[in-house]
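Secondary and tertiary structure notes
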Amino acid sequence: MASRWPGSLEEFLRNFPLGEGALIHLLAVSSICAGRLQRQPELLRWLAQPEVSTTRRGPRSMFVELRRTAANIADDNFRTVRVWKGREMTRIGLREVAEIASLEETTAELSQIAEICLASVYRHFDAELRTRFGDPATEFTALGLGKLGGRELNHSSDVDLIFLYGDEGQVSARLTKHEWHNRLAESILKVFSTSDPAGALFRVDLRLRPEGSAGPLTRSLESMENYYAGFGETWERLALIKARWVCGSQELAYEFLTHHQPFIFPRSPTPELLDEVAAIKRRIEREVPSEDLNVKLGAGGIREIEFIVQTLQFIHGAHHTFLQERGTIRALHAIAQLELLPSRDVLALDRAYRLFRRVEHRLQIEAERQTHSIPADPVARERLARSLDFASAEKLIGALRNSAERVREIFTRLIAGPTAGTAVNLGIFADEARASRALNELAQGSSSFHVAPRTRQIFRKLRPLLLDELSRCADPDATLIGIVRFVEAFGLRSLLFELLATNPKLLQLLVRTFDVSAFATQQLIHHPHLLEEITRSSKLDQMFFVSDHLAALRDAMQRQDLDAVRTYRQTQWLRTMIRDVIGLVELRSLFQEHTMLAEACLLAANYIVGSRDLTIVAMGKFGGRELSYGSDLDIMFVGHDHRAAQNLLSVLSAPSPHGIVATVDVRLRPEGEKGPLVASLEAFEAYYRDRAQLWEIQALTRARPVVGPHQASFREIAHAAWSIVGRDLQLFQKIDAMLQRIRRERGRGDDALDFKTGQGGMVEAEFFVQGLQMHYDIRETSTYRAIEKLAGAISAADAGALTRAYEFLRRCETALRRWQDKSVSTLPAELAEQRKLAIRMGCKDYESWKRDYGHARERVHTIYQKYFAR
């Protein structure tokens with residue numbers, strides 16, 4: 001920022017209204033705000049105005065600010081609105097980290113931004129449709145539910161909406177009022193769902209509307225009344241507690257909410273209704289992730305606090321209008337005044353809610369991504385704790401656990417329901433009661449829409465097929481929960497059940513995917529449409545090469561749309577995963593597919609950044625075209641354009657709601673982290689000739705330039721460097737010494753579990769192959785193909801044995817990495833987890849897996865000693 005600032009930035013910040021420390025804090029915890037401030041120096045000048053950053057802004061002042069920036073805010077895909085939203089989000093983030101805005105102020109202002117965005121887009125298309133198709137002669141309104149309805153949005157909330165219009169009829173001979181308003185809704189949704197370099201608006205979620213994803217986008221007032229009178233369920237009553245007008249006709253919104261007051265707040269809740277509340281409670285428990293600290297969905301988290309409050313409102317709201325508040329904190333105050341809970345419980349819930357929401361905001365402000373999980377990385381966890389004024393991560397986690405335990409105790413005491421039973425044999429599950437509830441709720445309904453009797457009938461046919469597939473899983477319990485959550489997200493329950501019941505291979509694919517990858521499970525739950533999109537493609541059985549990916553990315557590259565590149569990577573990762581699961585790709589081809597996708601996305605990002613004079617060299621498994629799940633891209637830069645390299649690294653790793661392009665590691669460059677990011681050909685040549693260590697020379701056997709003007713020259717420099725070292729008579733001894741040092745420094749304590757750096761592990765096999773390549777001058781970046789080319793250096797029998805052993809270890813690695821799409825280098829210590837790994841690898845049983853694993857490690861080490869100990 002200082003390098004682009006006209007004059008002295010330090011001087012300017014001396015009089016910054018909130019203090020320089022607040023700005024530094026924001027830059028430290030929010031890469032997306034830091035990016036805006038770097039790209040828009042005028043944004044910092046705007047924030048330096050005391051009336052902007054030191055006071056709360058109401059909707060009127062926000063709207064005036066937006067209108068002042070452009071005459072027609074709809075131009076260029078509402079670019080003005082998108083830029084304005086980014087400015088306001090940065091202002092709110094700054095005020096929050098400076099701790100001059102309360103939680104209520106922050107969430108109210110975030111909600112105001114969403115309302116203004118919705119109102120601006122709605123007004124434009126309402127006027128446009130009236131001009132094109134005529135006046136519909138009835139009113140339209142949008143109701144906000146969830147956190148938008150409660151004026152409680154966070155930094156990456158979905159906005160839950162219901163669209164409705166007044167009465168049915170014709171606008172013209174060829175156009176009904178329903179069609180007119182559907183076009184209006186579709187136009188609004190298109191703007192909000194379109195990614196744009198100027199920034200995203202908000203994700204819109206319409207699944208709380210009647211019939212969920214299966215229902216029409218808009219309904220008339222009469223259609224709404226008929227639905228809720230005949231089919232409305234308890235979860236819909238709870239959802240409508242927060243409903244309020246956000247744009248369109250206030251009169252129509254008032255009429256709808258007034259008419260439905262008896263539905264939302266029944267005067268005499270029956271025992272059956274309270275049983276349904278308990279069933280929804282069990283559904284919430286099913287969504288609790290077993291592995292993360294999740295402040296929203298975890299036991300005792302935000303969702304449970306909201307559920308406690310809404311349940312008390314539902315039961316008592318008809319008799320106490322004071323309780324009919326939409327915001328959680330205000331409703332808690334009403335509960336306290338009416339003494340519906342002991343004051344100590346209300347105070348505990350209020351404190352926990354504020355703590356969880358502060359943590360949630362600090363997690364989301366990083367990239368405005370929808371995340372609620374405390375990071376597992378110790379450094380990130382410590383930074384989060386310090387940002388929230390905790391002395392350490394340990395103190396933060398302790399406070400979270402204490403608050404969650406207190407909330408859970410209140411939740412359990414207040415809301416308890418019967419457990420549904422089932423006659424089927426559930427012996428395959430570790431928790432049979434939980435599995436029974438999950439299966440029962442698959443049949444009985446969800447939070448998406450009304451379940452018809454026919455849907456329940458189809459499920460009765462599907463259930464034995466589902467249980468049969470689950471019986472083959474490594475973890476039937478977790479897989480079933482994943483399937484239930486996916487069904488709820490999919491929405492069209494009847495259609496999905498019918499598809500699965502009549503297509504056993506699709507059912508097998510779904511169950512198998514959810515069993516082998518928690519990461520893929522989450523991806524499909526968040527993007528359920530991708531299952532059909534990928535599996536129905538006529539090209540699912542085809543391998544995509546770099547050229548295929550680049551052809552698909554061409555439009556995104558021309559538009560310089562990095563979000564489109566990120567979205568493409570996400571979809572293609574899932575496609576590769578599905579091909580892996582159903583056996584359409586062998587292990588080595590799987591590595592090539594991961595590599596080709598990564599390389600294409602790297603080239604697309606490089607094109608967008610515009611680094612034409614930079615040569616990028618792939619190293620390690622990226623260089624060998626052997627990437628797996630969760631792999632970093634090891635790269636080096638050759639040339640002189642330092643700015644282009646830095647810009648490329650920034651866009652590759654920049655977090656966004658669509659994920660990242662790639663995780664990159666540049667530490668293999670000369671001098672490692674201490675060396676320059678970019679070096680000339682001459683500098684590389686001199687370094688490898690005069691100063692490079694053996695491991696750096698050895699790493700060059702995997703060097704593969706992928707783009708840039710100096711590819712051929714670098715390839716020759718790399719070959720010259722490692723072929724010269726290959727003549728060293730002490731080469732094998734030096735490589736062995738290096739391997740022993742790695743084991744001492746990186747070993748995890750239990751050598752038997754360390755399949756990567758342990759004795760007879762993957763690194764030993766790779767060092768063995770690379771050493772022989774250098775000694776016999778064999779040019780090949782792939783470990784597999786290098787082994788094939790070692791004929792004459794080692795016997796054919798040893799080459800075959802080494803290949804099979806190495807492949808088994810890489811299969812272990814692949815299965816472990818696939819689970820969370822993260823790097824893993826050791827086996828799980830727990831026997832139960834090792835048994836799951838054996839099943840996920842397709843082994844006959846645990847004993848045969850254990851035997852094969854031991855043999856693989858033994859073969860690698862025996863062959864290594866046979867040739868390196870000469």
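Residues numbered from 1 in each chain as written. Predicted model: local features only at pLDDT ≥ 70, side-chain atom pairs only at ≥ 80, totals over all residues. Heavy atoms only, no water.

**Looking at the overall build of the protein chain**
Helix and strand counts for the protein chain stand at 41 helices and 12 strands. The principal-axis extents of the C-alpha atoms in the protein chain amount to approximately 90 × 75 × 60 Å. When burial is assessed residue by residue, the protein chain has 56% of its 870 residues classed as buried. Put simply, 74% of the contacts in the protein chain that link residues at least 6 apart link residues at least 24 apart. Within the structure as shown, the protein chain displays about 37200 Å² of accessible surface, and the carbon and sulfur contribution to it stands at 49%. One finds the centroid of the 116 positive side-chain charges in the protein chain at a distance of 1 Å from the centroid of its 112 negative side-chain charges. (Helix = DSSP H or I, 4+ residues; strand = E, 2+ residues; numbered from the N terminus. Buried < 20%, exposed > 50% of the residue type's maximum accessible area, 1.4 Å probe, protein only. Contact = heavy atoms within 4.5 Å. Areas by Shrake-Rupley, 256 points an atom, 1.4 Å probe, with all protein chains shown as cover. Lys, Arg positive; Asp, Glu negative; His and termini not counted. Charge placed at Lys NZ, Arg CZ, Asp CG, Glu CD.)

**Observations concerning helix α13 (residues 250-259)**
Looking at α13, one finds that the buried residues are Leu252, Ala253, Phe256 and Leu257. Along the axis of α13, the buried positions cluster into a sector of 125 degrees, meaning they face one direction only. Away from its buried face by more than 90 degrees, α13 exposes Glu251 and Tyr254. Contacts made by the buried residues of α13 are with β1 (140-145), β2 (158-165), α11 (221-231), α12 (234-240), β7 (244-248) and α14 (261-264). For α13, the N-terminal cap is Ser249; the gap from its side-chain oxygen to the backbone nitrogen of Glu251 is 3.4 Å. (Arc of directions from axis to C-beta. Polar contact = N/O pair within 3.5 Å; in protein donor to acceptor, adjacent residues only side chain to side chain.)

**A few points about the packing of aromatic side chains**
Within this structure, the stated rule accounts for 25 aromatic pairs. Pairing Phe78 with Phe125 gives two aromatic rings, centres 5.9 Å apart and planes at 45 degrees, and the pair type is tilted. Here Phe78, found in helix α7 (residues 75-97), pairs with Phe125, found in helix α8 (residues 103-133); they are 47 residues apart in sequence, far enough to count as distant. The class for Phe78 is buried, based on a relative accessible area of 3%. Centre to centre, the rings of Phe519 and Trp573 are 5.0 Å apart; their planes meet at 75 degrees, and the pair counts as edge-to-face. (Phe/Tyr/Trp six-rings, centres within 6.5 Å; stacked < 30°, edge-to-face > 60°.)

**Details of the side chain of Glu599**
Relative to the assigned elements, Glu599 resides in helix α30 (residues 587-609). Residues within four places of Glu599 in sequence aside, it is in contact with Val546, Phe622, Arg704 and Val706.

**Here we look at the pattern of salt bridges**
Tallied over the entire structure, the rule returns 54 salt bridges. Residue Glu152 is joined to Lys242 by a salt bridge in which the shortest nitrogen-to-oxygen separation is 3.2 Å. Linking Glu152 in the loop between α9 (146-149) and β2 with Lys242 in the loop between α12 and β7, this pair joins segments that are 90 residues apart in sequence. Classification of Glu152 by relative accessible area gives buried; the value is 5%. (Salt bridge = Lys/Arg side-chain N within 4 Å of Asp/Glu carboxyl O.)

**Overview of the pairing of strand β9 (residues 633-638)**
For a regular strand, side-chain orientation follows a simple rule: the groups alternate between the two sheet faces. Counted residue by residue, β9 has 5 buried out of 6 residues, so it is predominantly covered. Sheet topology note: the strand β8 (residues 615-618)/β9 ladder contains 4 bridges and is antiparallel. Looking at β9, one finds that Ile616 is bridged to Phe637. Here β9 runs beside strand β10 (residues 664-665); their pairing, made up of 2 bridges, is parallel. If you follow Leu633 over to β10, its bridge partner there is Val664. (Pairing = 2+ DSSP bridges.)

**Things to note about the environment of Leu145**
Relative to the helices and strands, Leu145 resides in strand β1. With 44 residues separating them in the primary sequence, Leu145 and Ala101 have C-alpha atoms 24 Å apart. Discounting chain neighbours no more than four positions away, the residues touching Leu145 are Asp160, Leu161, Ile162, Leu208, Ala239, Leu240, Lys242 and Ala243.

**Some remarks on the packing of helix α37 (residues 762-776) against helix α41 (residues 846-868)**
When two helices pack together, you describe them by how their axes are tilted relative to each other and by the distance separating the axes. One way to put it is that α37 packs onto α41 with a least axis distance of 9 Å and a crossing angle of 30 degrees. Our classification of the angle between α37 and α41 gives roughly parallel. Both α37 and α41 take part in a crossing whose hand is left-handed. Each of Glu764, Ala765, Phe767, Phe768, Gly771 and Leu772 in α37 lies in contact with α41, whose residues at this interface are Val860, His861, Ile863, Tyr864, Tyr867 and Phe868. Here the contact of α37 with α41 is built from residues that sort into 9 nonpolar, 2 polar and 1 charged. (Axes fitted to C-alpha atoms, helices over the stretch in contact; angles between N-to-C directions. Parallel < 35°, antiparallel > 145°, perpendicular 65-115°, else oblique. Left-handed = near helix turned anticlockwise from the far one by under 90°. Nonpolar A, V, L, I, M, F, W, Y, C, P; charged D, E, K, R; others polar.)

**Looking at the side chain of Gln834**
Within the element layout of this structure, Gln834 appears in helix α40 (residues 831-840). By relative accessible area, Gln834 is classed as buried at 10%. Not counting residues within four places of it along the chain, the set of residues in contact with Gln834 comprises Leu753, Pro828, Ala829, Tyr846 and Trp849.

**Description of the nonpolar core**
One finds Leu480, Leu700, Phe714, Phe768 and Trp849 to be the most contacted residues of the largest nonpolar core, which totals 115 residues. Ranked by residue count, the leading element in this core is helix α39 (residues 796-820), at 10 residues. In this view, Leu480 contacts Phe429, Ala435, Ala438, Leu439, Leu442, Leu466 and Leu470; residues no more than four positions away in its chain are not counted. Formed by 62 residues, the second largest nonpolar core is a distinct cluster that contains Leu240, Leu312, Leu363 and Leu400. (Core = buried A, V, L, I, M, F, W, Y, C linked by side-chain atoms within 4.5 Å.)

**Thoughts on unusual backbone geometry**
The phi angle at Glu339 is positive, at roughly 55 degrees, despite the residue not being glycine. Using a relative accessible area of 68% as the deciding quantity, one classes Glu339 as exposed. The phi angle at Asp389 is positive, at roughly 70 degrees, despite the residue not being glycine.

**Overview of the packing of helix α2 (residues 20-29) against helix α3 (residues 31-39)**
Running from N to C, α2 and α3 cross one another at 115 degrees; their axes reach a closest spacing of 5 Å. Two secondary-structure elements touch here, α2 through Leu23, Leu26, Leu27 and Val29 and α3 through Ser31, Cys33, Ala34 and Leu37. Of the residues contributing to the contact of α2 with α3, the split by class is 7 nonpolar, 1 polar and no charged.

**Observations regarding the environment of Ile608**
Mapping Ile608 onto the fold places it in helix α30. Assessed through its relative accessible area of 11%, Ile608 is described here as buried. Counting along the chain gives 517 residues from Ile608 to Arg91, while the straight-line C-alpha distance between them is 29 Å. Filtering out sequence-adjacent residues up to four positions away, Ile608 remains in contact with Ala556, Met557, Gln560, Asp561, Leu562 and Val565.

**Structural notes on α39**
Each α-helix winds once per 3.6 residues, and so residues spaced three or four apart point in a common direction. Its 25 residues place the ends of α39 37 Å apart at the C-alpha level, agreeing with the 36 Å of an ideal helix rising 1.5 Å per residue. With respect to burial, α39 is a largely interior element, 18 of its 25 residues being buried. Of the residues one or two after α39, Asp821 is the one with positive phi, at around 55 degrees. (Expected span 1.5 Å × (residues − 1).)

**Focus: the state of the cysteines**
As enumerated under the stated definition, the model contains 0 disulfides in all. This cysteine, Cys33, is not joined by any disulfide, and Cys117 carries the nearest cysteine sulfur, 15 Å off. For Cys33, a relative accessible area of 1% translates into the label buried. Free of any disulfide, Cys117 has its nearest cysteine sulfur in Cys247, 11 Å distant. (Disulfide = S-S within 2.5 Å.)

**Points about the confidence of the model for the protein chain**
Predicted confidence across the protein chain gives a mean pLDDT of 90, with 94% of residues reaching 70 or more. Counting interchain partners and residues more than four positions distant, the pLDDT-below-50 stretch residues 417-423 has 15 contacts. (pLDDT = per-residue confidence, 0-100.)

**A few points about the environment of Tyr846**
Of note, Tyr846 is situated in helix α41. Remark: the alpha-carbon pair of Tyr846 and Lys836, spanning 10 residues in sequence, is separated by 8.6 Å. Excluding anything up to four places from it in sequence, Tyr846 contacts Leu831, Gln834, Arg835 and Ala838.

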